[in-house]
Every structure is written in C-alpha cells, then in structure tokens.
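Report on the structure
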Amino acid sequence: MSRPSLLDASAARASCLDLWREENDRLVRRAKLRRQLLTQDVLEGLRGLLRSLQGLPAAVPALPLELAVTCNVIILRVSLSRVFPEDQAQGIRQALERVLETQEQLGPRLEQGLRELWDSVLRASALLPALLPALHLLAGLQAALWLSTDRLGDLASMLQTLNGSQSRASEDLLLLLKAWSPPAVESDAPLILQDAQGLKDVLLTASAFRQGLQELITGRLPEALSNLQEAASSLCSRSVLAQVYTALGNCLRKMGNPQRALLYLIAALKEGSPLGPPLLEASRLYQQLGDTTAELESLELLAEALSVTHSSEAPQILIEVELLLPRPDPASPLHCGTQSHVKHLLASRCLQTGRAEDAAEHYLDLLALLFDGSEPRLSPPLCPPGPCMPELFLEAAVALITASRAQDALTVCEELLSRTSFLLPKMHRLWEDVRKGTRELPHCPLWVSAAHLLQGQAWVQLRAQKEAISEFSRCLELLFRAMPEDKDQASNCEQGCRLDAALQHLRSAALISRGLEWAASGQDSKALQDFFLSVQMCPGHRDASFHLLQTLKKLNRKDEASAVWRRLKAQTQPPQEGATWSLPLYLETYLSWIHPPNCETLLEEFQTSLAEPCDVL
C-alpha cells in the first residue's frame, strides 16, 4: 500500500479550507438575520471553527480565513455583550503571533506588548499582501478596543505604522483615522460581519465625539464645537446623533449663543431616545435666559421621561459608536442623573423661584419616591454634589412652611428627628474619632438643630409663641452642647470649614428667631440679649446687627445704637467667608425669612435722628 504523497496532503488541506470557509460564510449569513438565540448559536459555531483552524500549524494559505473568523468572533462577542470583553486583547495577540509564526519571527517577540507586536506584524505584512485586508480589519478592532479604554497613544502609534508614516510628527487621532485607507476586499474573500471601511467610519465618529466631549468638559469651547460638528456630520445612529446635538447645545449655550443652542436641542428631541440629556440642557438654557416657566416645564418633562421604561431596539451585529463612548460622569452634558435627582432639582428650583406650593408638592413626591422601596440611608447624596437625605427633609420642611403648611412641616421634622436624634448621645465619641482622623465630620448636630429651628418657625406660623420659643431654645441648647470644646478639630479641612460656617449661621438664625418672638411679646430686654449674642457669635451677620439696632433704638439706648450704626455703615458689603461653597438651601431660605426689611431706610432714618441735635445747636 503506497503512502499518501505531499500533493495529496496539500489537496486535503485545501479541501478542508474550502469546507471551513463555506462554514464561516454560512454562519455569517445566519448572524445577519439578527435573531438573539440564533446569533448565540452562530458564535459557538464560529468559535469551534476558529479552534479547528488554530489547531493546525500556522500557514500563509490558511491565514486569511483564520483572521476573518477571528474578526467575526470578536465582532459577534462585542455585539452580544455590548462591551469589549477583557480577553479580547488576548484573542488579537494570538492572531498576531500566528502571523509571525509563518515568518519564523515569533521566538524573541513573545514578551512584546500589543503595540510592539503590531509594529512587527505590519512590517512583516509587506511580504504578505494577501493578508492585508484581514489585518486592517483586525487593526480596526484593536483601534476600537484602545479607543474604548483610552489608550490613545498606542492607537496613534499603530495608525502611524498602518498608514506607512515615517515620522511621528502627527499624533492627531482624527487626522490619522482619516488618512487610514483600508484595502478593498476581494470578491472571493471569506464573508465578514463588518468591513474595515465601516469600522473606520465608526471610529471617526466616536473619536470626534469623545474629543468634543472632553474639550467641552475642560472648557475648550471652540475646539469642542469643531469636533462635535465633525461627529454630527458623520454616519451614526439616531440615538448617538441626539447625544451629539445635546452636546452642541451645551457648547453653544456656554459660548453665549442660546438661539443656536435651542435649535440643536430641539433637533436632539426630534431624534428620539434618550430624551433626558436634551431636556436637562434645555432647562439650563431657559434658566440662563430667565424663562423660569419654560425651565420648570423642561424639568417636569424630564422627570416624567425618566419614570418611563423605554424598550431598547435590537442591537446591530456590528461594532457601533455607542460601544466606544465613555459612560457619562456628572461633569458630562450627557449626564442627567436619576429620577430622584431630577425631582430634587425641580423641587429646589421651585423653592428658589418663589413657587412655594409647587415646591412643597414636589418635595413630598420626592420623599415618597425615595421611601418607595428600601429605607434610604441618611448620609449619601442623591447624586454628587446633591444633598443627603436629612437635608432633603429640611428642604421639604422649608418648602412646606413657605407654602403656609406649618402642620405638615412639623410632621416632616418629626420624621427626621426620629431618624437622627438617637445619634446625639454618641456625639462626643464621634468627635473624638474625628480628632483621631478615623471618621469624617458628623453632621448630625446640624441636622437635628436645624429640624428644631424649623419646628420653631412652624409654631410661629401657627401663632403658638410658647412652643416656638421652646423649639428655638432647644436648637441653641443642642448647638452648644453637641459641638466639641476644641473648635480647631472641626475646622481643619474644607468640609470642616463648611460645617463650621453652617453651624455659625444656624446659631445666629436661632438667636434672631427667638429674639423676634421675645420682641413680639413685649419682652424687649430678652430680645436685646439674644440679638447681642447673635452679633457676638457671628460678627459679620448684618441681619443680627440690624435687629440689634432696631431694638436699641426702641429702648432709647442711643449711644449703643450709634456704635452699632457706625459698624453697619463701615460694612459696605457683607464679609465673605473665604470659601467657594454656599450654605445649604434650607438655611439660605430660612435666613431670608429673618432678613429685616428696608435696611438702608433704617440706616438713613437713624442717621437723620443723630443729626437732629446738631442742627439745633
């Protein structure tokens, strides 16, 4: 019996390649039917085919098919998982090593990284022109992986080598992508799910969009506008186009062109989902234009849109632009937060713009939304830098008092106290932990004291003076008792300075509020004492000085009143706290309640009264 000849072995191998190629083409056609269960079966079939090909020694005649199957496996895996699998880089590395095996160049290159491996393969490919179409597609997949993981230096280096650039002068990613010219695929080549030219278009759009977003966040607005317009003019899905239009609207608003910004936002909404980012950006635009009604309407639509679950379309069996975009962080114009975050934004804007009744309803809806499910924790914010849960209770109580719903405000405050008061006995130990650096600053005294302050104001609205004074006194007692004796341990960081400023204003507010109640009941001496204490504890608080001046004038204590008047006249502006933050919204709103009316008129009248004796002389 004769042994099989080399010619017979070669024919058998060619016959296997033909069968494997037919199997690849059949699986690709099935995948394009876009049926989920069918596509999963196709992926398993392609994996099996790839194992068969890689089970043979690497050979140039088989490599075009092997690389095509490798690319199809990667494209299908990414399409199904909607992310780039962690082991995708290993699959690309194995394909590149197989190419180098055919050139007997693999030995010393096993320790190379992917970037160096690509340099070696692309130099070797000059001797293997039949591999170029498949290698360019594999390079496109590598580019997608590096773009999605922000390895832009490696990506630029590979594109320079791919384009045959002799110099490293140009590292502009968009220019390198535009210069990339994938070779045409032969008509008899194995079928692939996505060709290199289509992948290049995806990479161009995603790269322009990513660069535009980054420049928008860092404030490079002209550059951002140029890149975003580049992305908008590229091929992309309607959902991506809506995001690009939203970013363009944000950019033009910041550049002082609100009308063009509005046109882009309208275009974004016409493209359909996602509706959240353009609606949020529209609310910012209307706020900048001073159109409060339109601003709040946009926020209401946004809250409604976030409450509806949208059914997503079946994804394409392709590498899409969406897969190459970063997840929006809070600094991104594409970040719109959660429904609770938007509800809070709507409620707080209603409160700030004087729509007290609407604010009260929105805050109650927000609290109901947050308590619908597991009980929320007390410390984490809704969405940084949003307020934490206790501050939401306090803002809700302020809104209810502003809306003349004092009884509801008392209920909200009682709910907050039932959730926080148990911490007060532990405060001395907590402050000791702060001093040791093992715990962050506890805000519990601020929350509990503020709740008593607001309860006092609610009793004022209900004309229950005794209860009001009792709550104001309770607030002050807690503030003086719960704070550490060593004030430095509460002021050695930005968070500590912020807390210290809030506590200082809270003390002043409680003293002024109690003083006003003493004055309303005719007990001017007690009122005077509280106003004096308020000025001493918060020397820069002009409202306390005005109330003190009015009371001294009423008691005909002219010398002391003159000293206070001179200090007020010397303060041309309220002293700044030396910080870039603002007080909590509930405290800012409360301070506006106790702000004395007609302050400048009071100063002028007092000056006139001081001048009258001089005129007589």
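This one's a predicted model, so the numbers in the text were calculated from it and none came from an experiment.

Definitions and limits used
- Residues numbered from 1 in each chain as written.
- Predicted model: local features only at pLDDT ≥ 70, side-chain atom pairs only at ≥ 80, totals over all residues.
- Heavy atoms only, no water.
- Helix = DSSP H or I, 4+ residues; strand = E, 2+ residues; numbered from the N terminus.
- Buried < 20%, exposed > 50% of the residue type's maximum accessible area, 1.4 Å probe, protein only.
- Contact = heavy atoms within 4.5 Å.
- Areas by Shrake-Rupley, 256 points an atom, 1.4 Å probe, with all protein chains shown as cover.
- Phe/Tyr/Trp six-rings, centres within 6.5 Å; stacked < 30°, edge-to-face > 60°.
- Lys NZ or Arg CZ within 6 Å of the ring centre and 35° of its normal.
- Core = buried A, V, L, I, M, F, W, Y, C linked by side-chain atoms within 4.5 Å.
- Domains from an automatic or database assignment.
- Expected span 1.5 Å × (residues − 1).
- Arc of directions from axis to C-beta.
- Patch = residues over 30% accessible without salt bridge, like charges linked within 9 Å, V, L, I, M, F, W, Y side chains within 5 Å.
- Salt bridge = Lys/Arg side-chain N within 4 Å of Asp/Glu carboxyl O.
- Lys, Arg positive; Asp, Glu negative; His and termini not counted.
- Charge placed at Lys NZ, Arg CZ, Asp CG, Glu CD.

1. Considering the overall build of the protein chain
- Helices and strands together make up the secondary structure of the protein chain, namely 27 helices and zero strands.
- For the protein chain, the proportion of its 617 residues judged to be buried stands at 48%.
- Sequence separation of 24 or more characterises 67% of the internal contacts of the protein chain that already satisfy a separation of 6 or more.
- When the accessible surface of the protein chain is split by element, carbon and sulfur atoms take 51% of a total near 30,100 Å².

2. Examining the packing of aromatic side chains
- With the rule as written, the count across this model stands at three aromatic pairs.
- With 5.8 Å between their ring centres and 70° between their planes, Phe371 and Phe393 make a pair best called edge-to-face. Residue Phe371 is found in helix α16 (residues 356–371), and its partner Phe393 is found in helix α17 (residues 389–402); the two are separated by 22 residues along the sequence.
- What makes Phe371 partly exposed here is its relative accessible area of 28%.
- Seen from the ring of Trp518, Lys526 lies directly overhead, with NZ or CZ sitting 4.5 Å from the centre.

3. Brief notes about the nonpolar core
- In this structure, Trp118, Leu138, Leu203, Phe209, Ile319 and Leu324 are the most contacted members of the largest nonpolar core, which totals 96 residues.
- Each of two domains, domain 1 (2–162) and domain 2 (195–309 + 317–336), supplies a minimum of three residues to this core.
- Apart from the residues lying within four places of it in its own chain, the contact partners of Leu203 are Gly140, Ala143, Ala144, Leu147, Leu177, Trp180 and Leu324.
- Residues Ala360, Leu366, Leu454 and Ala509 belong to the second largest nonpolar core, which totals 88 residues.

4. A closer look at helix α23 (residues 524–537)
- Under the 1.5 Å per step criterion, the end-to-end length of α23 is 20 Å for 14 residues, consistent within 8% with the ideal 20 Å.
- Looking only at α23, the buried set comprises Asp524, Ala527, Leu528, Asp530, Phe531, Ser534 and Val535. Along the axis of α23, the buried residues cluster in a sector spanning 165°; they form a single face. Of the exposed residues in α23, the ones pointing more than 90 degrees away from its buried face are Ser525, Gln529 and Gln536.

5. Let's talk about a negative patch on the surface
- A cluster of acidic side chains, namely Asp291, Glu297, Glu300, Glu357 and Asp358, defines a negative patch on the protein surface.
- Only α14 (292–307) and α16 provide two or more residues apiece to the negative patch.
- Topologically, Glu297 is positioned in helix α14.
- Here Glu297 falls in the partly exposed class, since its relative accessible area comes to 45%.

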